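The lines below spell out each chain.
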Amino acid sequence: MLLQTQNYEDYKYVMTDTGNIYLGAKYSYEELLSNEDVPFKIRTIVERYILPQTDRETTLESDFYYMTPDSLSWRTYRQLKVKVKCSRLVDKRKLFSGGKRVKRYVTELIGLEELAAMTPAQKQAQGIMVQEIVINKLAMVVFTV
C-alpha cells in the first residue's frame, strides 16, 4: 500500500527551467491552488478561468484526458501553449527475439490540439496516460489575467 501511495505522489511536482513550467499530472486543482511552489500567475489563471467549469477535485490528468476543443479550459491552456507529456502504448518489433511483436510504452510530448482532438475511447485504445503538463513561460507572461 505504501508503494502505491509513493508512486502516486511521484507525479505531483512542480519544476521549472528557462522556458517552461512542468506540473505533475496527479495534482488536483485544489492541491495546485494550495501549493506555494506553483507560480502565482498559474494559480490565478486556474482560479479565474479553469475552476468556473471544473470541479476542484479534478486532477490535471483527468481534465486533459477528457478535454474537448470547445471547452474554456482548452482555450485557456491553448493560450498558454501547453504541451502534454504522455505515455503511449506502441507495437514494436524486438530484434533480439526473432522479430516478435511486443507492446511498449513510449513517452512523448503531445500538442494540446492533437490530444483534445482524440476521443477518450481513442485515447484508451492507444493506451495514453497523461504524466505531465508543460506550460510555456513566455506565453504565461503574455497571458492577461
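Refer to the structure presented above.
Structure report, in brief. (Residues numbered from 1 in each chain as written. Predicted model: local features only at pLDDT ≥ 70, side-chain atom pairs only at ≥ 80, totals over all residues. Heavy atoms only, no water.)

1. Some words on the overall build of the chain
(1) Moving on: Helix and strand content of the chain: eight helices and five strands.
(2) Moving on: From first element to last, N terminus to C terminus, the chain shows the α and β order α-β-β-α-α-α-α-β-β-α-α-β-α.
(3) Moving on: Looking at the chain as a whole, 39% of its 145 residues are labelled buried.
(4) Moving on: If you take every contact in the chain between residues at least 6 apart in sequence, the share linking residues at least 24 apart comes to 62%.
(5) Moving on: A total accessible area of about 8,700 Å² is found for the chain, and carbon and sulfur atoms account for 53% of it. (Helix = DSSP H or I, 4+ residues; strand = E, 2+ residues; numbered from the N terminus. Buried < 20%, exposed > 50% of the residue type's maximum accessible area, 1.4 Å probe, protein only. Contact = heavy atoms within 4.5 Å. Areas by Shrake-Rupley, 256 points an atom, 1.4 Å probe, with all protein chains shown as cover.)

2. Things to note about the side chain of Asn35
(1) Moving on: As for its position among the elements, Asn35 is in the loop between helix H2 (29–34) and helix H3 (40–50).
(2) Moving on: A residue is classified by how much of its surface remains accessible, and Asn35, at 15% relative accessible area, is buried.
(3) Moving on: Side chain to side chain, Asn35 and Tyr27 meet in a polar contact 2.6 Å long.
(4) Moving on: In terms of polar contacts, Asn35 uses its side chain to reach the backbone amide nitrogen of Asp37, at 2.8 Å.
(5) Moving on: Excluding residues that lie within four positions of it along the chain, Asn35 makes contacts with Val14, Tyr27 and Arg43. (Polar contact = N/O pair within 3.5 Å; in protein donor to acceptor, adjacent residues only side chain to side chain.)

3. Overview of the nonpolar core
(1) Moving on: Membership of the largest hydrophobic core comes to 34 residues, with the highest contact counts inside it found for Leu60, Phe64, Tyr77, Val84, Ile133 and Ile135.
(2) Moving on: Of all the elements in the fold, those that place two or more residues in this core are strand S2 (20–24), H2, H3, helix H4 (60–65), helix H5 (72–79), strand S3 (83–94), helix H6 (112–117) and strand S5 (129–136).
(3) Moving on: Tallying contributions element by element places H3 first for this core, with four residues.
(4) Moving on: Aside from chain neighbours lying at most four places away, what touches Tyr77 is Tyr29, Ile50, Leu60, Asp63, Phe64, Met67, Val82 and Leu112. (Core = buried A, V, L, I, M, F, W, Y, C linked by side-chain atoms within 4.5 Å.)

4. Observations concerning unusual backbone geometry
(1) Moving on: Phi at Lys81 is positive, roughly 55°, even though this residue is not glycine.
(2) Moving on: With respect to the helices and strands, Lys81 occurs in the loop between H5 and S3.

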